[in-house]
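# Architecture and fold: a report
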Amino acid sequence: MQIEKLKTGQNIDREQLVEKLTALRYQRHEFVAKPGEFAVRGGVFDIYPVTYRAPVRLEFEADSITTIRDFSPADGKSMTLFDELYLIPVTENFEKKISRINDRIDSFDPLTDVGDLEPGDYVVHFHYGIGKYLGTKTIQVEGKRAKHMALEYANREILYLGLNEPVERYIGGEGMAPRLTKLNTKEWEKVKARTRLAVNRMAKEMIELQAKRKLLRGHVFPKDQPWQKQFESEFPFEETPDQKKALEEVKKDMESNRPMDRLLCGDVGYGKTEVAMRAAFKAVMGGRQVVILVPTTVLAEQHYLVFKSRLKNFPVTVEVLSRFRSKKEQTGIIASVKEGATDIVIGTHRLLSRDIKVKNLGLVVIDEEQRFGVRHKERLKQLRELVDVLTLTATPIPRTLYMSLVGVRDMSVINTPPQNRMPIETCVLEYDELRIRQAFERELARGGQIYFVHNRVQSIEKISENLKKILPQVRFGIAHGQMVPTMLEQIMEDFLARRIDCLVSTNIIESGIDIPNVNTILVNRADTFGLAELYQLRGRVGRYQERRQAYAYFLVPKNWVMTQDAEKRLAAIERFTELGSGFKIALEDLEIRGAGNLLGHEQSGFIHAVGFDLYCRMLKKAIGTPSEGTGSNSHHG
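Residues numbered from 1 in each chain as written. Predicted model: local features only at pLDDT ≥ 70, side-chain atom pairs only at ≥ 80, totals over all residues. Heavy atoms only, no water.

Right, let's talk about the overall build of the protein chain for a bit. Scanning the protein chain from N- to C-terminus turns up 18 helices and 26 strands. Across the 637 residues in the protein chain, those meeting the buried criterion constitute 52%. Excluding contacts between residues fewer than 6 apart, the proportion of contacts in the protein chain whose partners are at least 24 apart in sequence is 71%. In the form shown here, the protein chain has an accessible surface area of approximately 30500 Å², with 51% of it arising from carbon and sulfur atoms. (Helix = DSSP H or I, 4+ residues; strand = E, 2+ residues; numbered from the N terminus. Buried < 20%, exposed > 50% of the residue type's maximum accessible area, 1.4 Å probe, protein only. Contact = heavy atoms within 4.5 Å. Areas by Shrake-Rupley, 256 points an atom, 1.4 Å probe, with all protein chains shown as cover.)

Following this line, the structure appears as structure tokens:
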């Protein structure tokens, strides 16, 4: 009998390991649930050996196995560390044994091809309501044996439905389990009727907003001026097809007579800023001023440097209004914007203050709108009725995502990664000084730099001191939002000039910071971050001009019992490593947090009652009905 032995410290090519497992008749799945299965996510292999009581996780550093541990498939908690792992083939006898066990306990085999449902997931059926998915079962109906979905409803009633029935995963409003529907009662119809009324109210507001915007006359920007072509030709990279398409859509909006309200979605580092820069240049060439709103001071400075560098050959004035500027400088910039002498002004929410007057505003670019507060959003809503607005987002927060899908906002998507971009190798691991040292040494050996994110200002100095003890040769710098602006500016300058090897910082680097030489990031206490934040932080690396593997380590304390939500977030960030995962991350985030706060408090109960997908379908229908003409009297969903 062929037996494969694997041990810690062993070097083995990961593709080769996949081949070995396949030769042993192990089946590859997204997650392991039964003996004889394996799953691969970045530098992690999960294998369920046929002779072990639990699945085993192998963690790799490049092609070397660093740890072998078993874990509980129910909650992912680690139990025992091993030095070696023995794998025997999945024999026919073993397969028969598993099959007999399944038959004897009359279990439902997990379904793989209907919308990635897992047993235990809540689902919504338009006619029957909310049930719990148990798996599939082969049953005989009218003399034919066929696979059916088994759904559990209230009072333990089980409903068998064909695999082509319209069932979707339930995503609720409050992040908690829904009530199962009682079958053969009017309960579900009443819930839908109440939701339909609420949806119609919501749709009416949206349609009024759309109608109002259609009546508004926006500024009509002229067609591209000769300088536009010259400016665009100075872009040092080749535009991707999606970038070109997004730019065409933005320009078409700007040249029309109604105010633009376009959402530009594109994964981290996919070139949204370049599209925004070209739109800003077009606005200035059309005789208007541009305001660029960003969530952090550090990002405002970064954008300022990028804009200055790209515009150096053109008579366009750019200023940045931030804490890094003295009071006197700020007063001068505010006056210059008011007089119309500054063409482009970049800043944080400070630009939304009442004392900021822009003489001839034509375009507002908003980077990561979800990072602005409710009060700021009201101000932005007012701006949308007056001028062209372009919103950039890397993780399309579900609200903007669904508003766009439902058709309330125009949306452009950049899905093509830039050339040479590689997926970032992602690893969730317990805080371990040896692994941290190895990660640092590998990055520094190739002349790269490192981010170490620690999101607590009170203990950031202490963390930096600890790192200095284990890595005395490394040059560290500290950055956080409570520092004196001049000091923070100096640190960022030193880091850019490579006088610092590792920047120990809070999550102020989360949005938009683009330093291509930094290709390893370590995030301490990753269990305390939201999923969108983790995704944004990971996106700070992997921007090197040539092909170079980037690494992201998400650290959690040793033997720490995490909350269920934190485990789900870290599993998702480890799972979605392929390029362009922003949409998947946004929907996963929606599922973990619940969808209730998306459309305001009043609607959240209705989202919870019918599930987010059905709610959005009803909303889309309600918005579409008036425009389909008065003859439409369809009542089904």
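Turning to its location among the elements, E37 is positioned in strand β3 (residues 37-41). Spatially, the C-alpha atom of E37 lies 6.1 Å from that of I47, the residues being 10 residues apart in sequence. Leaving out residues up to four positions away in the same chain, E37 has contacts with Y26, Q27, H29, F31, V32, D46, I47 and Y48. Of the polar contacts made by the side chain of E37, one reaches the side chain of H29; its length is 3.4 Å. (Polar contact = N/O pair within 3.5 Å; in protein donor to acceptor, adjacent residues only side chain to side chain.)

Now for the packing of aromatic side chains. Applying the stated criterion across every chain, the model contains eight aromatic pairs. Here the aromatic rings of F45 and F60 are separated by 5.4 Å at their centres, their planes lie at 50°, and the arrangement is tilted. Remark: F60 occurs in strand β5 (residues 56-61) and F45 occurs in strand β4 (residues 44-47); sequence separation between them is 15 residues. Given a relative accessible area of 1%, F45 falls into the buried group. Ring geometry for F440 against F476: centres 5.9 Å apart, planes inclined by 50°, an arrangement best described as tilted. Here F440 is found in helix α11 (residues 433-445), whereas its partner F476 is found in strand β23 (residues 476-479), with 36 residues between them in sequence. (Phe/Tyr/Trp six-rings, centres within 6.5 Å; stacked < 30°, edge-to-face > 60°.)

What helix α12 (residues 460-470) keeps buried is the set I460, I463, S464, L467 and I470. In a view along the axis of α12, the buried residues occupy a sector of 125°, so they form one face of it. Exposed and oriented more than 90 degrees from the buried face of α12 are K462 and K469. Next to the buried residues of α12 lie α11, β22 (449-453), β23 and β24 (502-505). (Arc of directions from axis to C-beta.)

We now examine the packing of helix α5 (residues 241-255) against helix α6 (residues 272-285). At their nearest, the axes of α5 and α6 sit 10 Å apart, and the two run at 30° to each other. Relative to α6, the element α5 lies roughly parallel. Judged by the twist between their axes, the crossing of α5 over α6 is right-handed. On the side of α5, the interface is formed by Q243, L247, V250, K251, M254 and E255, while α6 contributes E274, V275, R278, A279, K282 and A283. The residue makeup of the contact of α5 with α6, split by class, is six nonpolar, one polar and five charged. (Axes fitted to C-alpha atoms, helices over the stretch in contact; angles between N-to-C directions. Parallel < 35°, antiparallel > 145°, perpendicular 65-115°, else oblique. Left-handed = near helix turned anticlockwise from the far one by under 90°. Nonpolar A, V, L, I, M, F, W, Y, C, P; charged D, E, K, R; others polar.)

So, on to the sheet that holds strand β15 (residues 289-293). Spatial strand order, β16-β17-β15-β18-β19-β14-β20: seven strands in an open sheet with parallel pairing. Each having just a single partner strand, β16 (318-321) and β20 (410-414) make up the two edges of the open sheet. Across this sheet, the average inter-strand angle for adjacent strands is 20°, counted without regard to direction. One ladder, built from five bridges, connects strand β18 (residues 361-367) with strand β19 (residues 388-393); its direction is parallel. Bridge pairing links V365 to L390 in β19. Against the sheet, α5 engages β14 (261-266), β18, β19 and β20, with an angle of about 160° to β20. (Pairing = 2+ DSSP bridges.)

Let's shift gears to the pattern of salt bridges. Tallied over the entire structure, the rule returns 32 salt bridges. R435 is the salt-bridge partner of E59, the closest N and O atoms lying 3.5 Å from each other. With a gap of 376 residues between them, E59 in strand β5 and R435 in helix α11 connect regions that are remote in the sequence. The exposure classification of E59 matches that of R435, with both residues buried. Taking the shortest distance from any N to any O, the salt bridge between D224 and K282 comes out at 2.8 Å. Taken together, the residues D224 in the loop between α3 (187-215) and α4 (226-233) and K282 in helix α6 connect sequence positions 58 residues apart. Under the relative-accessibility criterion, K282 is labelled buried at 3%. Within the structure, one salt-bridge network assembled from shared partners comprises K223, D224, E232, E239, K251, E255, E274, R278, K282 and R310. (Salt bridge = Lys/Arg side-chain N within 4 Å of Asp/Glu carboxyl O.)

Below, the discussion takes up the pairing of β3. Here β3 lies mainly inside the structure; four of its five residues are buried. Sheet topology note: the strand β2 (residues 27-28)/β3 ladder contains two bridges and is parallel. When the bridges of β3 are listed, Q27 appears paired with E37. Here β3 pairs with β4 via four bridges, running antiparallel. Considered in β4, the bridge of V40 is made with F45.

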